[in-house]
Every structure is written in C-alpha cells, then in structure tokens.
Amino acid sequence: MTALPRRGVIALIPDDCTSCLICVQECPTWCISLDSHTEQVAEPGARRPRTVSVLDRFTIDFGLCMYCGICVDVCPFDALAWAPDVDYSAASRPGLVQDTGTLASWRIDD
Amino acid sequence: MIEGRTYRVAEAPSLRVQVANLGLACCALEVESAVRMGLLIPEAESDGPAERTVLLVSGTVTEPLVPVVEAAVLSVPGASVMAFGACASTGGPYWDAPTVVNGVDRVAPVDRYVPGCPPRPDALIDALVGRSVVDGGSS
Amino acid sequence: MTTVDAREWAGALSEAASKGYVYLDLLTAVDDGDRIDVIARVLDPSTMDAVMLTTSVASEDPLLPSIVASHPAAAWHERETAEMFGVTFAGHPDPRPLILRSVHERPPLRRSTPLVERLATPWPAAVDPAVERRPRRQQLPPGVRTEWVDQP
Ligand code: SF4
Ligand code: SF4
C-alpha cells in the first residue's frame, strides 16, 4: 500500500477565532455557522475599553461540506486548519453537524 | 436488481459484509479504493452468506433517479441503508440544484450517514464497523 | 465559431452534414439574458475536424427548427435543451422531456428561474452586522439574483 496524500477534516482553534465571519461568507455550501457577542475589555493604560468579539458557538455541517478548504485559506487568523482524522459518520442527519468542542478536539496537522 | 458483493473487513476479520453499491456519482469509486488499499477483502461466493447487507447509496440522487433508488431499496430487503457522501446525505455541493434530491433520506430511511466529498475509504470502514467518535456512541 | 441567423440554423447544419460533418458532438444553450444562444459542435469522423455553429433566439419566445433530420443524435440534446432552457425545437419528432420527471414551473437553467433552495435557506453570514448595514439588495447572499427577489 503506497502512502497517498490524505484529506482529513477541518478543525477549529477557538481562541484564535475573532468571529469575523469571513469563512461563513465564503463557504460555497453555507455549511459554517457561528454565534458571537461583543464585550468591552478595559485595558490598563488605555483611555477607553476595547470592544472584542467573543465566540459563543461555531458549527460545521459536514453533511454539506465538500472539503474544498476555502475557509482554511481565507481565515486571516489561521483559526481553521486541517486535521488528519477521517470523516465521522452518524446515525442521524443532525449528527453530521459538529460544534465548537468537537472541532477543537481534533489534532491539527503540523 | 442490484447485486451485492461480500467483503471481509481487514481490521475486523470476523466481519463479513455484503455491500450493494448503488453508485450514482463519484463516491461510487470509494469501495474499490478500499479494496485497493487492502481495507476490504473481496470474498468468494462459496465462502457462504454474509452477516449483513448494506445498501450503499454513493453519489447524487437526482429527481429522475428516485424510482431507481426506491427499487434498489426494495431489492435488498433487510439491508441497512448507508448514505455515503455529502450528496447522498444532504445533496452536498448540489444542495441548491433544482433537479437534485437533498439526501437519500427523502426517499428511504437511512441507517448511517457518512460525510465527505467523497468520504475517504477509511471512513467507509469506520461506518461499516459502526465506529463513530462524535456520534454519542451510537455504534 | 460560426454565427448563423436562426432562420438559417437547420440549413447551415444540413450543409455541414453534406460536407462530412455528420457526427453531432454536442448541442446546448447559454442564457444571455434577453436572448438564448444555442450552440452545436459537429465533427467529420473521417478527419476528426470539428466546427462550432451558434445562433440566437429571443428568450421571450425561443423557437428554433430541429436539426434531427441532418443530425439524428441531436434528438436527445434538443429534448434536454428544451426542458432546461425552454427552447422549442420545431419539427422535433419526439419532443417529450428527456430527464425531468416533475413539472418545473420555469426552465431550471434559465437565469431568471430562482434557485428555490438558495432563496429559502437562511444565509449563515446574514448575522454579520456589516451585512445588515448594507442596502437591502446588497444583503442578498451570493448566488441569489435580485430579479428573483423582485419577481412577483
Ligand atoms: S475566518 Fe477565521 S477568525 Fe474569521 S470567523 Fe472564520 S474561523 Fe473565525
Ligand atoms: S459527495 Fe462529492 S464526490 Fe460524492 S458524489 Fe457528491 S460530488 Fe461526487
């Protein structure tokens, strides 16, 4: 058996995600959704608090995903990455939707 | 109507599965890939009946093919239906096409959904042995 | 590519056949908005030389003579082009739909025909405040044409 290049699954690094929605807009199959809210963060020395987005939930519907990798390429913060796991099957249609915890648990390719 | 082939699963040699591959598009090739990779070992008919039969719907279900899918389901009674790949699971890349049925589950009940466009051959094995890391353990 | 008048379409194809271009490689259409372009590619099997012919018909009432008499293989292509683009091929020996089973209100491959799923599915990026601030027409998701939304 020869080693072939392998396509894995798409993982998320939640701490690097700024909820900018670029990946959500660019996905051809509309398989990414996210919820976020903004918070004011006071920084020592700064005159005004800074507004930051906080990610509440990030999901990829792998039932729709065609693994094109556009989201991985367009993310300005490298918060999405390929992980070597295989496609996870499910006993129900909603089981194909993976949320933040699962996406973050996948080991990322180095 | 649709012919099944019996395979032994390499990593679980006691598991002999008959796969009826209803190949409707690109995903149909992955069974053969799994054989080439040594993940599935074709069995001779003389080796006796398989433990179970899986109707693998691999590829895009288009509107004119609905009667074909229905007939295939009836032709392998007792088979579990596997939606293999994004197209068979949800319509996949053709989710907005007016002539595509968004998932074989709109035609017949599905026992297992396998994502991927196409799924990797290893994903076929995972699905056949019922391994599912993130599925709440419904194996 | 040779452009011919719609009235000369069947004549041009039968002339091509008489010169040896008897093999129909493809026949299809392109929706250009107010007109539909129909394209045929024919081959001379002895030399494998090919010629492309194209013609335009008004999208309001697209009517073209069938070329089945000179190129019998066009029968299925014309049936498909008829159901997908709404072009009528006059004189076709068997104008039944080729592929579609259910009745589509409008020909699916015309640009003016909405992609119903795309209209009905909420675009996940619509939650972006930047999208919400745009004028309504620019809030439309990619692949949704304004004319679909403005249609009655
Ligand atoms: S493009 Fe990157 S940073 Fe922006 S929402 Fe997507 S994952 Fe987060
Ligand atoms: S899921 Fe992808 S690879 Fe499989 S049939 Fe559809 S388009 Fe082809």
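Residues numbered from 1 in each chain as written. Chains lettered and ligands numbered in written order. Predicted model: local features only at pLDDT ≥ 70, side-chain atom pairs only at ≥ 80, totals over all residues. Heavy atoms only, no water.

**Some details on the overall build of chain C**
Piece 1. Within chain C one finds 5 helices and 6 strands.
Piece 2. Expected size for 152 residues packed as a compact globule is a radius of gyration near 15 Å; at 19 Å, chain C overshoots this value by more than 25%.
Piece 3. Across its three principal axes, chain C shows a C-alpha extent of roughly 65 × 30 × 25 Å.
Piece 4. Among the 152 residues that make up chain C, the fraction classed as buried is 39%.
Piece 5. Summed over its atoms, the accessible surface of chain C is roughly 8,700 Å², and 55% of this surface lies on carbon and sulfur atoms.
Piece 6. Of the side chains in chain C, 16 bear a positive and 22 a negative charge, and the two mean positions are spaced by 6 Å. (Helix = DSSP H or I, 4+ residues; strand = E, 2+ residues; numbered from the N terminus. Rg over C-alpha atoms; globule rule 2.2 N^0.38 Å. Buried < 20%, exposed > 50% of the residue type's maximum accessible area, 1.4 Å probe, protein only. Areas by Shrake-Rupley, 256 points an atom, 1.4 Å probe, with all protein chains shown as cover. Lys, Arg positive; Asp, Glu negative; His and termini not counted. Charge placed at Lys NZ, Arg CZ, Asp CG, Glu CD.)

**Digging into the site of ligand 1**
Piece 1. Surveying the vicinity of ligand 1 reveals 14 residues, the closest of which are Cys17, Cys20, Leu21, Cys23 and Cys75 of chain A.
Piece 2. When the residues that make up the shell around ligand 1 are grouped by side-chain class, the tally is 12 nonpolar, 2 polar and no charged. (Near = heavy atom within 4 Å. Nonpolar A, V, L, I, M, F, W, Y, C, P; charged D, E, K, R; others polar.)

**Side note on helix 2 (residues 66-75) of chain B**
Residue and element names in this part refer to chain B.
Piece 1. If you check which residues of helix 2 are buried, you get Val66, Val69 and Ala72. Summarising the axial view, the buried residues of helix 2 lie within an arc of 125 degrees, below the 170-degree limit, and thus occupy one face.
Piece 2. Against strand 2 (12-23) and strand 4 (52-58) lie the buried residues of helix 2. (Arc of directions from axis to C-beta. Contact = heavy atoms within 4.5 Å.)

**Notes on the packing of aromatic side chains**
Residues and elements named next belong to chain A.
Piece 1. This structure, assessed with the given rule, holds 5 aromatic pairs over all chains.
Piece 2. An angle of 40 degrees between the planes, with centres 5.8 Å apart, marks the rings of Phe62 and Tyr67 as tilted. The residues Phe62 and Tyr67 share a single accessibility class, namely buried.
Piece 3. Judged by centre distance (5.3 Å) and plane angle (20 degrees), the ring pair of Tyr88 and Trp106 falls under stacked. (Phe/Tyr/Trp six-rings, centres within 6.5 Å; stacked < 30°, edge-to-face > 60°.)

**Here's the deal with the site of ligand 2**
Piece 1. Around ligand 2 sit Ala25, Cys26, Cys27, Gly59, Ala86, Cys87, Pro93, Tyr94, Gly116, Cys117 and Pro118 of chain B, and those are all the residues in its vicinity.
Piece 2. Among the residues forming the shell around ligand 2, the class breakdown is 9 nonpolar, 2 polar and no charged.

**Thoughts on the pattern of salt bridges**
Oppositely charged side chains can form a pair if their charged atoms are brought close together.
Piece 1. Evaluation of the coordinates by the stated rule reveals 17 salt bridges over all chains.
Piece 2. Across the pair Asp5 of chain C and Arg7 of chain C runs a salt bridge whose closest N-O atoms are separated by 2.9 Å.
Piece 3. Of the residues examined, Asp5 of chain C reaches a relative accessible area of 33% and is grouped as partly exposed.
Piece 4. The class for Arg7 of chain C is exposed, based on a relative accessible area of 74%.
Piece 5. Linking Arg96 of chain C and Asp94 of chain C is a salt bridge whose minimum nitrogen-to-oxygen distance equals 2.8 Å.
Piece 6. Several salt bridges converge on common partners, so that one network encompasses Arg8, Arg16 and Glu43 of chain B. (Salt bridge = Lys/Arg side-chain N within 4 Å of Asp/Glu carboxyl O.)

**Considerations on helix 2 (residues 74-85) of chain C**
All names here are of chain C.
Piece 1. In this model, helix 2 (12 residues) spans 15 Å end to end at C-alpha, consistent with the 16 Å of a helix rising 1.5 Å per residue.
Piece 2. Inspection of helix 2 places Ala74, Ala75, Glu78, Arg79, Thr81, Glu83, Met84 and Phe85 among the buried residues, and these make up the whole buried set.
Piece 3. Buried residues in helix 2 make contact with strand 2 (23-31), strand 5 (63-65) and strand 6 (88-90).
Piece 4. Backbone geometry just after helix 2 places Gly86 at a positive phi near 75 degrees. (Expected span 1.5 Å × (residues − 1).)

**Describing the interface of chain C and chain A**
Piece 1. Contacts between chain C and chain A engage 12 residues on the former and 9 residues on the latter.
Piece 2. Taking both sides of the interface into account, the surface hidden between chain C and chain A amounts to around 790 Å²; carbon and sulfur atoms contribute 66%.
Piece 3. Along the contact surface separating chain C from chain A lie 0 salt bridges.
Piece 4. In this structure, the connection of chain C to chain A is made through 0 residue pairs in polar contact (both at pLDDT 80 or more). (Buried area = accessible area lost by both parts, 1.4 Å probe. Polar contact = N/O pair within 3.5 Å; in protein donor to acceptor, adjacent residues only side chain to side chain.)

**Remarks on the interface of chain A and chain B**
Piece 1. With 26 residues of chain A in contact, the opposing surface of chain B contributes 29 residues.
Piece 2. There are 0 salt bridges connecting chain A and chain B.
Piece 3. Taken together, the links from chain A to chain B amount to 6 residue pairs in polar contact (both at pLDDT 80 or more).

**Observations concerning the nonpolar core**
Piece 1. Among the nonpolar cores identified, the biggest contains 33 residues, and Ile32, Phe58 and Phe62 of chain A are the most heavily contacted of them.
Piece 2. Those elements that provide at least two residues to this core are strand 1 (9-12), helix 1 (22-26), strand 2 (32-41), strand 3 (50-61), helix 2 (70-74) and strand 4 (80-83) of chain A.
Piece 3. Of the residues forming this core, the biggest block, 4 residues, is contributed by strand 1 of chain A.
Piece 4. Not counting chain neighbours up to four residues away, the residues in contact with Phe58 of chain A comprise Leu12, Cys17, Cys23, Ile32, Ser33, Leu34, Leu80, Gln98, Asp99, Thr100 and Leu103 of chain A.
Piece 5. Counting residues in hydrophobic clusters, the runner-up holds 26 residues, among them Ala6, Ala29, Ile36 and Val68 of chain C. (Core = buried A, V, L, I, M, F, W, Y, C linked by side-chain atoms within 4.5 Å.)

**Some points on the confidence of the model for chain C**
Note: predicted coordinates in regions of low pLDDT should not be interpreted at a detailed level.
Piece 1. Summary statistics for chain C give a mean pLDDT of 92 and a share of 98% for residues scoring 70 or more.
Piece 2. For this predicted complex, the interface confidence score (ipTM) comes to 0.88, while the overall pTM stands at 0.86. (pLDDT = per-residue confidence, 0-100.)

**With respect to the confidence of the model for chain A**
Piece 1. For chain A, the average pLDDT comes to 90, and 94% of its residues sit at 70 or higher.
Piece 2. Element-level mean pLDDT values for chain A span from 93 in strand 3 of chain A up to 96 in helix 2 of chain A.

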